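# Overview (structure and organization)
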Amino acid sequence: MAIHPVPHTRQADPPPAVDGPWRDPSLSPEERVADLTARMTLEEKTAQLYGIWVGADAEGDGVAPHQNDMVDPVDFEDITTRGLGQLTRPFGTAPVDPGVGAVALATAQGRISEAGRFGIPALAHEECLAGFTAWGATAYPVPLAWGAAWDPELVAEMAHRIGTDMRSVGVHQGLAPVLDVVRDLRWGRVEETIGEDPYLVATIGTAYVRGLESSGIVATLKHFAGYSASAGARNLAPVRAGAREMADVILPPFEMAIREGGARSVMHSYAEIDGLPAAADPALLTGLLRDAWGFGGTVVADYFGVGFLETLHKVAAGRGDAARLALTAGVDVELPTVRSYGDALVAAVRDGAVAEELVDRALRRVLLQKCELGLLDPDRPALPDALDGVDPERARGTVDLDPPRNRALARELAERSCVLLADAGGTLPLRGTGRIAVVGPRADDPLAMLGCYSFPSHVGVQHPEAPMGIEVPTLLEALRGEFPDADVDHAQGCEVDGTDASRIQEATALAAGADVCVAVLGDRAGLFGRGTSGEGCDATDLALPGLQGELLDALLATGTPVVLVLLTGRTYALGGWADRLAGCVQAFFPGEEGGPALAGVLSGRINPSGRLPVSVPSDPGGQPWTYLQPPLGRANGVSSLDPTPLYPFGHGLSYTSFGWEPGADVPAELPTDGETDLEITVRNTGDRDGAEVVQLYVHDPVAQITRPEARLIGYARVPLAAGESRKVSFRFHPDLVSFTGTGGFRIVEPGDLELRFATSSDAADVKHTVRLRLTGAERVVDHGRRMVCATSVDALVAQD
């Protein structure tokens, strides 16, 4: 049945009184919200369930899928008379000075409060995937770089800084982190993910949630769920993942971020899983998320996701029907702007097509969150403390969202995320003298450092008249600063993805006359086909974009040693060049301080300690593939295709060397509900300070279902001065090796296990193996299971 929106009309009966116990902060939030709900008209209730997007452009290039088709004109003065749930991206829609923006936001909130009967402000949300997506805010490394750093504590500190900056200008909610686990490297949004392993994604993502929430910002997990498993790696394509893949790979990061991180919001994904869109799936958004996991926060729509039930998925007969499906499933808030949850929902309720109890259920969750944030309190401040007065011009230049401490943190995370993939010896670190040819389309472009959700790439490119707002040194500039005694010359060679080969000869001539060539290749972040990486920028295969492979071949043919530096949002196939390179460094859009960080790695001032969060393929085809493969998913004699990666998940080299020694013996048997400590001692056996990443994998030789050859269950980043040793302890609990068994339940199965200490997921990189037999009955585990392998790095071990 098609349900069409009807014009808003005033009710004949007088509305309930405004004043009541809901204004009293001494009462419990539940009491306040129950009283307030009873005083609201249906129109006022539904108004709390949607946002509006002031300034969203319905023309030109959008920043959300189908933005041009889905944005309806909104009369701000009229619509706010009912109240308003959310304000969408007041800082992330166009370049605005942060101080001016804070005053403008406070002014808008004042108008919203004055227009509605209850005086309740909207909840303002922003993107914060790689920093606060606002003009002038720090552009941190992208999430894939967080994964490469293997450093949850540093990520948590970054998230706290991001949240503090957002709170300082009046924002309440951040749309991050992305907890999608990479299933196919061709997917454009790989740069937004943390990696291809659910444990790494879960622990790093949960650390981000803790940091953001600790600043008072509501963290929003996305995209729930299955989005990254799209068929053919196409954005918004159907997902055909089985129930076991969903339970054991896709869902655990979300569960950990809720249980361990305290996330207060979840964004449903655009995905349809086996024909059922996530936005219309009660089993996912209510049965699992709320009933099983105990989530009590809000579920918000991915932008236009409720409307897509009608326009893209074709499971709703109209706007009101889309509202019915989404509310029934458990979507509380329609974002980014009102379409289905406004007049269309009011009409559907009055027609009897939607139960008002569904509206009340979502309203309760929204108002409880507003109550937590102080938005129902009568004495809330009108402006953030940092601002004085309400004149926007007086506020211009008063808010610094990129202070030195932010930049220092961005530099530290960038340094730790650089991965030394290969070092043939003799070239790296660079000597810093003689002639250095810096060649490639990413060498002298500030945007080469930034992902698609960093403000300059996300919004700034649509406003070329506006300055970038932050300083982003290029790698060329950083190398000239790093090597003042060298002649550092540059040639572009080719475009990122163009077809003009006319400048390759100039680049090869420069390289031929140099002592060393630094080839800087990679991606251009963009949206919906406007880049080679980013949302809607999915790849046909994993060959380097454009003519960059041809340029690299030409540079290698000169005979000059070539060090390859990759600035990308995914990994690319490097098998054709691996044995000819003098060295190779991988950086995943390392942010505004990425240039100096990379220059430090190349000079040796920084000893690289990053490890791969995704594998590096050998050949451009053979995808989708991740390391979580059962026996038939790996190289074997029944297929001519070998998917073995060139560099495996967890791989990364250093300028120093490390030795590993096993710790105390572990009992040969352990009950399926027991626990024990595993120990390894790591020694820096070289002459440089460095950091090793100790990785713990499980190998299950025989199980009731096929299991991956290896699966990460713990890790620790261990900094070591030259000659130092430290003991690393892992608290192992059998819950960590649980999986979904033949009966559809998560189980711990008795039997033999191998617990492997390793430097990567490859069996050749295993340093020590603990063989353990789990005893007792098969044990079914629920959502209260142990999810984190606690680790500790002990004090310095005395040397002989």
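Residues numbered from 1 in each chain as written. Predicted model: local features only at pLDDT ≥ 70, side-chain atom pairs only at ≥ 80, totals over all residues. Heavy atoms only, no water.

A word on the overall build of the chain. When helices and strands are counted, the chain shows 22 helices and 27 strands. In terms of C-alpha radius of gyration, the chain reaches 27 Å, essentially the compact-globule figure of 28 Å for 800 residues. Each of the 800 residues in the chain was classed as buried or not, and the buried ones make up 62%. Of the contacts made within the chain by residues no fewer than 6 positions apart, 79% connect residues no fewer than 24 positions apart. Carbon and sulfur atoms provide 49% of the accessible area of the chain, an area that totals close to 27800 Å². (Helix = DSSP H or I, 4+ residues; strand = E, 2+ residues; numbered from the N terminus. Rg over C-alpha atoms; globule rule 2.2 N^0.38 Å. Buried < 20%, exposed > 50% of the residue type's maximum accessible area, 1.4 Å probe, protein only. Contact = heavy atoms within 4.5 Å. Areas by Shrake-Rupley, 256 points an atom, 1.4 Å probe, with all protein chains shown as cover.)

The subject of this paragraph is the sheet that holds strand β3 (residues 123–127). By definition, the strands of a sheet pair up through backbone hydrogen bonds, in either a parallel or an antiparallel sense. Taken in spatial order, the seven strands of this open sheet run β1-β2-β3-β4-β5-β6-β9, and their pairing is parallel. With partners counted over all chains shown, the strands left at the sheet margins are β1 (51–52) and β9 (298–300), one partner each. Relative to β3, strand β2 (residues 86–88) runs parallel, the two sharing three bridges. When the sheet's bridge partners are listed, Leu-87 is paired in β3 with Ala-124. Against the sheet, helix α8 (residues 198–214) makes contact with β4 (173–175) and β5 (218–224), and its axis sits at roughly 145° relative to β5, the strand it touches most. (Pairing = 2+ DSSP bridges. Axes fitted to C-alpha atoms, helices over the stretch in contact; angles between N-to-C directions.)

Taken together, the three strands give an open sheet; going across it, the order is β22-β23-β26, and neighbouring strands pair in antiparallel fashion. Edge positions in the open sheet fall to β22 (739–740) and β26 (779–780), since each of these has one partner strand only. Two elements, β22 and strand β23 (residues 746–748), share two bridges in a ladder whose sense is antiparallel. By the bridge assignment for β23, Thr-740 is matched with Arg-746.

Let us look at the pattern of salt bridges. Inspection of the entire model under this criterion finds 49 salt bridges. Of the charged contacts, one joins Glu-709 and Arg-756 as a salt bridge, the two residues approaching to 3.3 Å between their closest N and O atoms. Of the two residues, Glu-709 is situated in the loop between β19 (690–699) and β20 (711–720) and Arg-756 in strand β24 (residues 751–758); the sequence distance between them amounts to 47 residues. Using a relative accessible area of 25% as the deciding quantity, one classes Glu-709 as partly exposed. Taking the shortest distance from any N to any O, the salt bridge between Arg-773 and Asp-752 comes out at 2.9 Å. Of this pair, Arg-773 sits in strand β25 (residues 766–775) while Asp-752 sits in strand β24; the two residues are 21 residues apart in sequence, bridging distant segments of the chain. We classify Asp-752 as partly exposed; its relative accessible area is 44%. Salt bridges sharing partners connect three or more residues here, namely Asp-402, Arg-407, Arg-411, Glu-592 and Glu-593. (Salt bridge = Lys/Arg side-chain N within 4 Å of Asp/Glu carboxyl O.)

All right, on to empty space enclosed by the protein then. Within this structure, the stated rule accounts for eight cavities of 30 Å³ or more. Taken as a whole, the largest cavity spans an internal volume of roughly 240 Å³. Contributing to the lining of the largest cavity are 17 residues, with Pro-252, Arg-711, Leu-736, Arg-746 and Arg-785 lying nearest its centre. Take the lining of the largest cavity: its biggest share by element is three residues, from β20. (1 Å grid on protein atoms, 1.4 Å probe; cavity = no way out; pocket = protein on both sides within 12 Å on 5 of 7 lines; lining within 4 Å. Points joined across faces, edges and corners; volume = space filled by probe spheres on them.)

This part is about the packing of aromatic side chains. Taken as a whole and judged by the stated rule, the model has 16 aromatic pairs. Ring geometry for Phe-91 against Phe-132: centres 5.7 Å apart, planes inclined by 65°, an arrangement best described as edge-to-face. Note that Phe-91 is positioned in the loop between β2 and α5 (98–115) and Phe-132 in the loop between β3 and α6 (143–149), a separation of 41 residues in sequence. For the pair Phe-91 and Phe-132, one class covers both residues: buried. Members of the aromatic cluster, joined through ring pairs, are Trp-150, Tyr-199, Tyr-627, Phe-649, Tyr-697 and Tyr-715. Above the face of the Tyr-453 ring, Lys-222 is positioned so that its terminal group lies 5.5 Å from the ring centre. (Phe/Tyr/Trp six-rings, centres within 6.5 Å; stacked < 30°, edge-to-face > 60°. Lys NZ or Arg CZ within 6 Å of the ring centre and 35° of its normal.)

Look at helix α7 (residues 152–168) against helix α17 (residues 404–417): their axes get within 11 Å of each other, and the N-to-C directions meet at 150°. Relative to α17, the element α7 is oriented roughly antiparallel. Handedness of the α7/α17 crossing: left-handed. Residue-level contacts link Leu-154, Glu-157, Met-158, Arg-161 and Asp-165 of α7 to Arg-405, Asn-406, Leu-409, Glu-412, Leu-413 and Arg-416 of α17. Each residue belonging to the contact of α7 with α17 can be placed in one class, and the counts come to four nonpolar, one polar and six charged. (Parallel < 35°, antiparallel > 145°, perpendicular 65-115°, else oblique. Left-handed = near helix turned anticlockwise from the far one by under 90°. Nonpolar A, V, L, I, M, F, W, Y, C, P; charged D, E, K, R; others polar.)

What the rule picks out here adds up to zero disulfides. The thiol sulfur of Cys-452 is not disulfide-bonded, and the nearest other cysteine sulfur, from Cys-537, lies at 7.3 Å. (Disulfide = S-S within 2.5 Å.)

As a further point, take helix α10 (residues 252–259). The element α10 is largely enclosed, with a buried count of seven among its eight residues. Turning to α10, its buried residues are Pro-252, Pro-253, Phe-254, Glu-255, Met-256, Ala-257 and Ile-258. Looking at the buried positions of α10, the neighbouring elements they touch are α8, β5, α9 (243–250), β6 (265–268), α11 (282–292) and β23.

With respect to the helices, strands and loops of the structure, Gln-586 is situated in strand β15 (residues 583–588). A distance of 2.8 Å separates polar atoms of two side chains, one belonging to Gln-586 and the other to Thr-568. Among all residues touching Gln-586, those that are not within four sequence positions of it are Ser-417, Cys-418, Val-419, Leu-421, Leu-566, Thr-568, Arg-570 and Thr-571. (Polar contact = N/O pair within 3.5 Å; in protein donor to acceptor, adjacent residues only side chain to side chain.)

Our next topic: the nonpolar core. The biggest cluster of nonpolar side chains holds 219 residues, and the ones touching the most others in it are Phe-132, Tyr-208, Phe-224, Tyr-341 and Phe-732. Dropping the residues within four chain positions of it, Phe-224 is found in contact with Leu-251, Phe-254, Val-266, Met-267, His-268, Ser-269, Ala-278, Leu-284, Leu-285, Leu-288, Leu-289 and Trp-293. Counting 35 residues, the second-largest nonpolar core is a separate cluster that includes Leu-479, Val-516, Val-563 and Leu-567. (Core = buried A, V, L, I, M, F, W, Y, C linked by side-chain atoms within 4.5 Å.)

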